[in-house]
Amino acid sequence: MSAAFFKPRLLAPGPVEVPPAVLEALARPVTHHRAPAFRETFLRARERLATVFSVPGDDVLIVTGSGTAGFEAALVSAVPAGDRVLALHAGRFGERWAAMAESLGYQVEHLEAAPGAEFDLSEVAERLDATSQLAAVTLVQSETSTGALHDVRAVAELVRRVRPEALVLVDAVTSLACAELRPLEWGLDAVVSGSQKGVMTPPGLAFVWLSERAWQRSEGAGRAGSYYLDLHRERAKQAGGQTAFTPAVSLVAGLDVALGMLLDEGLENVWRRRAGLNAALLAAGGALGLRQFAARPSPAVAALVVPEGIGARAVLSAARARGATLAGGQGELAGTIIRPSLLGYADRYDAVAAAQLLEDALHDVDADTPQGVAVPAALRALAGEA
Ligand SMILES: *Cc1c(COP(=O)(O)O)cnc(C)c1O
């Protein structure tokens, strides 16, 4: 196998395959971040980003850093220091926000669901009811570590009803430009994402939207200490097409092009395309005997359980030998699941290739793997027949 040529493919839920037009933009000469040409690109990228976030005007801030920097910026900028935060988690990213809030000195309460499971809404309601002086609730829409799509809308509705004073902070890192997300209609207060996922740009940028209520709540309040990630300073700057510190100018140029492509396709078409591609991956997995892990699957990633006798790690190595990088399970799921994804620059033919790749990698590890089944299953799913 090692002598063979295989085209490198990123089939992971971030970083993802980047369109050639975006790569071309990244390769252009570096502009100065205070020059008019950059200002124009930056303002356009912010406007496009707001459209992808389904929020008004130029409300989304661009932070230089990975998605985690974006979440930290949202937390320290919206939630006053030392306040009580309820972290809903059912996977690694939800846990990360709880650990982050703890390290920033918030009083953190945990509500945990089993990895891949949905939150029990009556349990959430009870917990909200029993938790007084709650400043914020954190949760993940697309929990990439388990492949689950959590019902942010339903949780936000509960918070609005039971604890109207609490802010709802949402990690939409892999759900942005992938699953339905309506911050205003759903009553959210912070939505965070990053460049290396659904917006098809290399890693290095985080995006944060805060509600008017969140801005007001934290205005003048004692804020948990961060100089770089204080969005109050950024907000004033970015409205004028500037940033407080030197931004990753080339990434912004690439982002602008990627967002233009997504908006040309149309946001709801993008959601539909990605849901279809992910359904194809799940169907291919199913035909190969790999069970879907999440109760309510996210369109961003197909978490598939590899039968015990085969071993997830071996399948990932076999896929890598064929040129493809898939994600595996994290933590206790490491030997159990694989997480192929077509979140980046991908169409139906990429789904067909990914299905065959999955079948070949499994067959490399286990000679009893059925053959000729993954692609037909993927095609049926793409036709809406699965
Ligand atoms: C990728 C990802 C993040 C951000 O991780 P970074 O490595 O900091 O970019 C956060 N949440 C989820 C659900 C993710 O998939």
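That block above? That's the structure.
What counts and how
- Residues numbered from 1 in each chain as written.
- Predicted model: local features only at pLDDT ≥ 70, side-chain atom pairs only at ≥ 80, totals over all residues.
- Heavy atoms only, no water.
- Patch = residues over 30% accessible without salt bridge, like charges linked within 9 Å, V, L, I, M, F, W, Y side chains within 5 Å.
- Areas by Shrake-Rupley, 256 points an atom, 1.4 Å probe, with all protein chains shown as cover.
- Salt bridge = Lys/Arg side-chain N within 4 Å of Asp/Glu carboxyl O.
- Lys, Arg positive; Asp, Glu negative; His and termini not counted.
- Charge placed at Lys NZ, Arg CZ, Asp CG, Glu CD.
- Helix = DSSP H or I, 4+ residues; strand = E, 2+ residues; numbered from the N terminus.
- Near = heavy atom within 4 Å.
- Polar contact = N/O pair within 3.5 Å; in protein donor to acceptor, adjacent residues only side chain to side chain.
- Nonpolar A, V, L, I, M, F, W, Y, C, P; charged D, E, K, R; others polar.
- Pairing = 2+ DSSP bridges.
- Axes fitted to C-alpha atoms, helices over the stretch in contact; angles between N-to-C directions.
- Contact = heavy atoms within 4.5 Å.
- Phe/Tyr/Trp six-rings, centres within 6.5 Å; stacked < 30°, edge-to-face > 60°.
- Buried < 20%, exposed > 50% of the residue type's maximum accessible area, 1.4 Å probe, protein only.

Here we come to a negative patch on the surface. Where like charges cluster on the molecular surface, the negative patch consists of Asp120, Glu123, Glu126 and Asp129. Tracing the backbone shows glutamate 123 in helix H5 (residues 121-130).

This part is about the site of the ligand. The environment of the ligand is formed by 14 residues, the closest being Ser66, Thr68, Thr144, Asp171 and Lys197. Between an oxygen atom of the ligand and a side-chain N or O atom of serine 66, the distance comes to 2.5 Å. Note that a nitrogen atom of the ligand is positioned 2.6 Å from one of the side-chain N or O atoms of aspartate 171. Considering every element that reaches the shell around the ligand, the biggest residue donor is helix H4 (residues 92-103), with three residues. In terms of residue class, the shell around the ligand is made up of four nonpolar, seven polar and three charged.

Turning our attention to the sheet that holds strand E8 (residues 167-171). Reading across the sheet, the seven strands line up as E2-E10-E9-E8-E5-E3-E4 and stay open at both edges, with mixed pairing between neighbours. With partners counted over all chains shown, the strands left at the sheet margins are strand E2 (61-64) and strand E4 (107-112), one partner each. The sheet shows a mean angle of 20° between the axes of neighbouring strands, direction not considered. Bridge count between strand E3 (residues 84-89) and E4: six bridges; the pairing is parallel. Within E4, the residue paired with arginine 84 across the bridge is glutamine 107. Lying on the sheet, H5 is in contact with E3, E4 and strand E5 (134-140); it crosses E4 at an angle near 160°.

Given two aromatic rings, their pairing is described by the distance between the two centres and the angle made by the two planes. Tallying each qualifying case throughout the model produces four aromatic pairs. Each ring, one from phenylalanine 38 and one from phenylalanine 42, has its centre 5.6 Å from the other, and the planes form 25°; the classification is stacked. Note that phenylalanine 38 and phenylalanine 42 are positioned in helix H2 (residues 36-53) at a spacing of four residues, about one turn of the helix. Grouping residues by exposure puts phenylalanine 38 and phenylalanine 42 together as buried. The interplanar angle of 5° and the centroid separation of 4.0 Å between the aromatic rings of phenylalanine 71 and tryptophan 97 together place this pair among those described as stacked. Placement of phenylalanine 71 in helix H3 (residues 67-78) and of tryptophan 97 in helix H4 is noted, with a sequence separation of 26 residues between them. Its relative accessible area of 2% is what places tryptophan 97 among the buried residues.

For the rest of this paragraph, the subject is the environment of tyrosine 228. Its place among the elements puts tyrosine 228 in the loop between helix H8 (212-218) and helix H9 (231-239). If we ignore the near neighbours within four places in the chain, the residues touching tyrosine 228 are Thr64 and Phe245. Engagement of the side chain of tyrosine 228 in a polar contact is seen with the backbone oxygen of threonine 64, the distance being 3.2 Å.

Looking at the element boundaries, glutamate 143 is found in strand E6 (residues 142-143). No salt bridge forms around the buried glutamate 143; measuring N to O, its nearest opposite-charge neighbour arginine 339 is 6.9 Å away. From its side chain, glutamate 143 meets the backbone nitrogen of phenylalanine 93 in a polar contact 3.2 Å long. Contacts of glutamate 143, omitting those with residues within four sequence positions, involve Ala90, Gly91, Arg92, Phe93, Gly94, Ala148 and His150.

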